[in-house]
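Geometric and topological summary
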Amino acid sequence: MHCTLCFKNGLKFKKKIVLFSSRTIIISYCKMSFVKNVNLLFVILVLCQRGLGVQIQIIPSEYDGTLANTFEVKCHPEGANNFANRIVVVQLSRNGEKPLVTLHQNGDITYARLLETSMTAVGHIDEVPEQSSLNITFSNAMKEDSGQYVCSVFYLDESGHMKEDRSSANFLVHDQAMKDIVRFLTAKVTTMESMLASMKENLSKPLEEMKHKDENLPAFMAGFNTNDAIKRGYIVRFRDVVTRIGSGYDESSGIFTAPQEGLYAFNLFAWSKQTGGFYIEIQANNNTKAKLYSGDRNHQDQSSVNCVVHLKAGDKVQCVATTVDSGVSLHGYPNSAFSGYLIRPF
């Protein structure tokens, strides 16, 4: 505040200043003693010119954990029109540190440092000081955001000298609020961990079941024994077991019995030992699923056939010789063999 008072020689002033507005009237009570025992009281009115001021407002001023954890700081310069175009920058700082945000005369906004708290600033500097503003929104309020926030306005006075006016306000994050936030987040994390554990358990059960099923998926391969003969209308017994996983195939009878329902694959390959031919069928429950012919009158011959069959538990699959030329037999393993396996359980 800049005031000018005029003094006369011999006058003694006792002044009392009363502030009314930005263009303020100063009332000065003056007591003059120039005649003995005579006291005169003068009132001198002096017109004073205030500097450019600034207002700061924080909404809300406290955070107790019951509201959304955001707060807003509003900086608002104020002053007479004779300060038009004299504002240089508007800054916001906290706890005496370097400015968090700086609003420049051309409207640019710069951030002095990175904050853990998310911060967004908008503002402008107008020709009319009172129409200028800088608003900063802070989100995810933390205990570290507590403190004194200072809004500073730098401007040029009538003499061209840089001046600063400032105003401050306090923001408080209660310890209890932070405890509530931590407790809330901890509960959320616990709930998520519980959900993940439940999901893991729900997924692991079918995976474990599938694993056990995979471990017990029946599969077999058995070769033909050259000591055996094949006869028309009889099951061809492949008695030399090469591979056996799980149960199902009985080499003594040459019959595979499905241990569980599912989709099965079977393969048969045979090489005639003498000239001549034969037909062998892969049958499921006595129904033909595939048929193989091997041999001719002048040459030995090897053939193969396969099929995919849906079986229920207890269904039976075997190889049956339906036609056999006289004196014809099979080469042994690995030239002649019968195999099967479960593709997919139902």
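Note: the structure precedes this text.
A few points on the structure.

The rules behind these values
Numbering of residues starts from 1 in every chain and runs along the sequence as written. Note on the predicted model: pLDDT of at least 70 is required for a residue's local features to be given, and 80 or more for side-chain atom pairs to be given and counted; whole-chain, interface and lining totals, by contrast, use all residues. Think of the side-chain values as coming from all heavy atoms in the structure, minus any hydrogens and water. Comment: elements are numbered from the N terminus, with helices defined as DSSP H or I runs of at least four residues and strands as E runs of at least two. Only protein chains enter the accessibility calculation, which uses a 1.4 Å probe. A residue is then buried if its area is under 20% of the maximum for its type, exposed if over 50%, and partly exposed in between. Residues count as neighbours in contact if any of their non-hydrogen atoms are within 4.5 Å of one another. Computed with the Shrake-Rupley method and a 1.4 Å probe, the accessible areas treat only the protein chains shown as cover for residues. One requirement defines pairing of two strands: DSSP has to find at least two bridges between them. Here, a salt bridge means any side-chain nitrogen of Lys or Arg that lies within 4 Å of a carboxyl oxygen of Asp or Glu.

**What about the overall build of the protein?**
Within the protein one finds 1 helix and 23 strands. Taking all 346 residues of the protein together, the buried fraction comes to 34%. Taking as baseline every contact in the protein between residues at least 6 positions apart, the subset at least 24 positions apart corresponds to 59%. Total accessible area on the protein stands at roughly 20600 Å², and carbon and sulfur atoms take up 52% of it.

**Description of the sheet that holds strand β20 (residues 287-294)**
Spatially, the 5 strands line up as an open sheet ordered β16-β17-β22-β19-β20, and their pairing is antiparallel. This sheet does not close on itself; its edge strands, each paired only once, are β16 (249-250) and β20. Pairing geometry for strand β17 (residues 255-257) and strand β22 (residues 316-324), over 3 bridges, is antiparallel. Directly across from Thr257, in β22, lies its bridge partner Lys316.

**Thoughts on the pattern of salt bridges**
One pass over the structure, following the stated rule, counts 4 salt bridges. In this structure, Arg166 engages Glu164 in a salt bridge whose closest nitrogen and oxygen atoms are separated by 2.7 Å. Relative accessible area serves as the criterion here: at 56%, Arg166 is assigned to the exposed category. Accessibility expressed as a relative area gives 33% for Glu164, which makes it partly exposed. Among the salt bridges present, the one from Glu251 reaches Arg244, with a minimum N-O distance of 3.1 Å. What makes Glu251 partly exposed here is its relative accessible area of 26%.

**So, the sheet that holds strand β13 (residues 162-173)**
Read across the sheet, 6 strands follow the order β5-β13-β12-β7-β8-β9 without closing on themselves; strand pairing throughout is mixed. Single-partner strands in this sheet number two, and they are β5 (62-63) and β9 (109-111). Pairing of β5 with β13 involves 2 bridges; the strand directions are parallel. Residue pairing for β13: Glu62 is matched across the bridge by Leu172.

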